[in-house]
Amino acid sequence: MSSLFEPYTLRSVTIPNRVWMPPMCMYSAAPTGLAEGVPTDWHFQHYGARAAGGTGLIIMEATGVSPEGRISPHDLGLWNETQAGGLRRLTDFLKSQGTVPGIQLAHAGRKASTSRPWEGDRPVGPDEHGWQPVGPSAEPYPGLKVPHELTVEEIHEIVDRWRASARLALAAGFQVIEIHGAHGYLIGNFLSAHSNRRTDAYGGGFDNRVRFAVEVVDAVREVWPEELPLFFRVSATDWLQEGGWTPDETVALARVLTEHGVDLMDVSTGGNAAGVTIPVGPGYQVPFAARVRRETEMPVAAVGEITEPEQAEKILAAGEADAVLIGRQLLREPTWARRAARELGGDVRIPQQYGWRP
């Protein structure tokens, strides 16, 4: 059998194949009112189509653990029961198609309160449902607002937000939670010396800079059932020559998170520093995932310009990752898993409504 179509078990959850969909923001929820942060028909058809297309695991888009944790006012949220109820409709359908439903719980930190990308990806104020972003330090991401530097008490309150959101994720029917620690959002802001200039217990050396990430993991693991897996998404490098988060630190973080109950690291890169040169190309982030897998006991998923079935198969066969995350190609091709199964000789579930036809 193709490696891509071998089931994969973490704790009590068996994912039917290694074709996984990473979080990709849709910016399509209501920004205010009773429907604030609640998934819409757009989300249902979007995720439903990829589930019917054979994707083994779908990790829903970055979902704010608080109103201020969203990237834009149009992001999904998970801080109340109305949002959890709306998400339950999606998880029920994904499960009916044999797909494992996951969700990425996130806080955008200093990159919060921006418009949707097709509206300029710019900072928005109260007149456009915006708010004051926060961060470990009053260091703005270029072009965005200066963040409020969090107090220790405020840090603890945000950790509590993650814990509460994890409880709601369970009520909403999710089987996997991914904590977003990548792409220059709040946890990543704390991890990197490029954005974290604190001099207290949350800044300075490696142990202090990872403290917030570990506290969030512990809070989520406290309420997330022992039998369900927990993922962590990381940017393995800031792509800076000096002064930023490094691959060595990513390996060290993977060892720490393994001890705190994280089951898999979703390895991406970048997003925390502007003006850097990133050598984008097919599989350009795979070596970072491969290194974590090689040097630690942490399973990994690889992402980044993985577009063709043979390419994905080689990554798994070479032992560079335990699964592949197919992002933009799944936006272009919701049934990518079916094409991969045809080309590689694998088996994938096809809905009865389609499969009975010759």
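In this text, all values refer to a predicted model and were calculated from it rather than measured experimentally. (Residues numbered from 1 in each chain as written. Predicted model: local features only at pLDDT ≥ 70, side-chain atom pairs only at ≥ 80, totals over all residues. Heavy atoms only, no water.)

A.B. asks: What exactly am I supposed to notice about the overall build of the protein chain here?
C.D. replies: Helices and strands together make up the secondary structure of the protein chain, namely twelve helices and twelve strands. What you see for the protein chain is a C-alpha radius of gyration of 19 Å, in line with the 21 Å of a compact globule of 358 residues. Over its C-alpha atoms, taken along the principal directions, the protein chain stretches across nearly 65 × 45 × 40 Å. Counting the 358 residues in the protein chain, one finds 60% classified as buried. Intrachain contacts of the protein chain at a sequence separation of at least 6 include 71% that bridge at least 24 residues. For the protein chain, the exposed surface amounts to about 14,000 Å²; the carbon and sulfur share of it is 50%. (Helix = DSSP H or I, 4+ residues; strand = E, 2+ residues; numbered from the N terminus. Rg over C-alpha atoms; globule rule 2.2 N^0.38 Å. Buried < 20%, exposed > 50% of the residue type's maximum accessible area, 1.4 Å probe, protein only. Contact = heavy atoms within 4.5 Å. Areas by Shrake-Rupley, 256 points an atom, 1.4 Å probe, with all protein chains shown as cover.)

A.B. asks: Before we go on, may I ask you to explain the pattern of salt bridges in this structure?
C.D. replies: Two side chains of opposite charge can pair, provided their charged atoms sit close to one another. Under the definition given, this model contains 23 salt bridges. Of the charged contacts, one joins D41 and R89 as a salt bridge, the two residues approaching to 3.7 Å between their closest N and O atoms. Of this pair, D41 sits in helix α1 (residues 41-52) while R89 is found in helix α2 (residues 81-96), placing the two residues 48 residues apart along the sequence. The class of D41 is exposed, set by a relative accessible area of 60%. Salt bridges here are not isolated pairs; linked through shared partners, they connect R11, R221, E226 and D263. (Salt bridge = Lys/Arg side-chain N within 4 Å of Asp/Glu carboxyl O.)

A.B. asks: Could you clarify how one ought to interpret unusual backbone geometry in this entry?
C.D. replies: Of all residues except glycine, most have a negative phi; of all peptide bonds, most are trans. For R11, which is not glycine, the phi dihedral falls at a positive 55 degrees. Relative accessible area serves as the criterion here: at 32%, R11 is assigned to the partly exposed category. In this structure, S113 takes a positive phi of about 60 degrees despite not being glycine. The topology assignment puts S113 in the loop between β5 (100-106) and β6 (134-135). Assessed through its relative accessible area of 1%, S113 is described here as buried.

A.B. asks: Would you explain the sheet that holds strand β10 (residues 264-268) in this entry?
C.D. replies: Hydrogen bonds along the backbone pair up the strands of a sheet, which may run parallel or antiparallel. On the basis of which strands lie adjacent, the closed barrel formed by eight strands has the order β3-β4-β5-β8-β9-β10-β11-β12 and parallel pairing. Between one strand axis and the next, the sheet turns through 25 degrees on average, direction left out of account. As defined by bridge partners, strand β3 (residues 19-21) adjoins strand β4 (residues 57-64) across two bridges and the pair is classed as parallel. Within the sheet, the bridge partner assigned to M21 lies in β4 and is I58. Strands in contact with α1 are β3 and β4; relative to β4, the strand with the most contacts, it is inclined by about 155 degrees. Sitting on the sheet, helix α8 (residues 286-295) touches β10 and β11 (300-303), and the angle it makes with β11 is about 170 degrees. (Pairing = 2+ DSSP bridges. Axes fitted to C-alpha atoms, helices over the stretch in contact; angles between N-to-C directions.)

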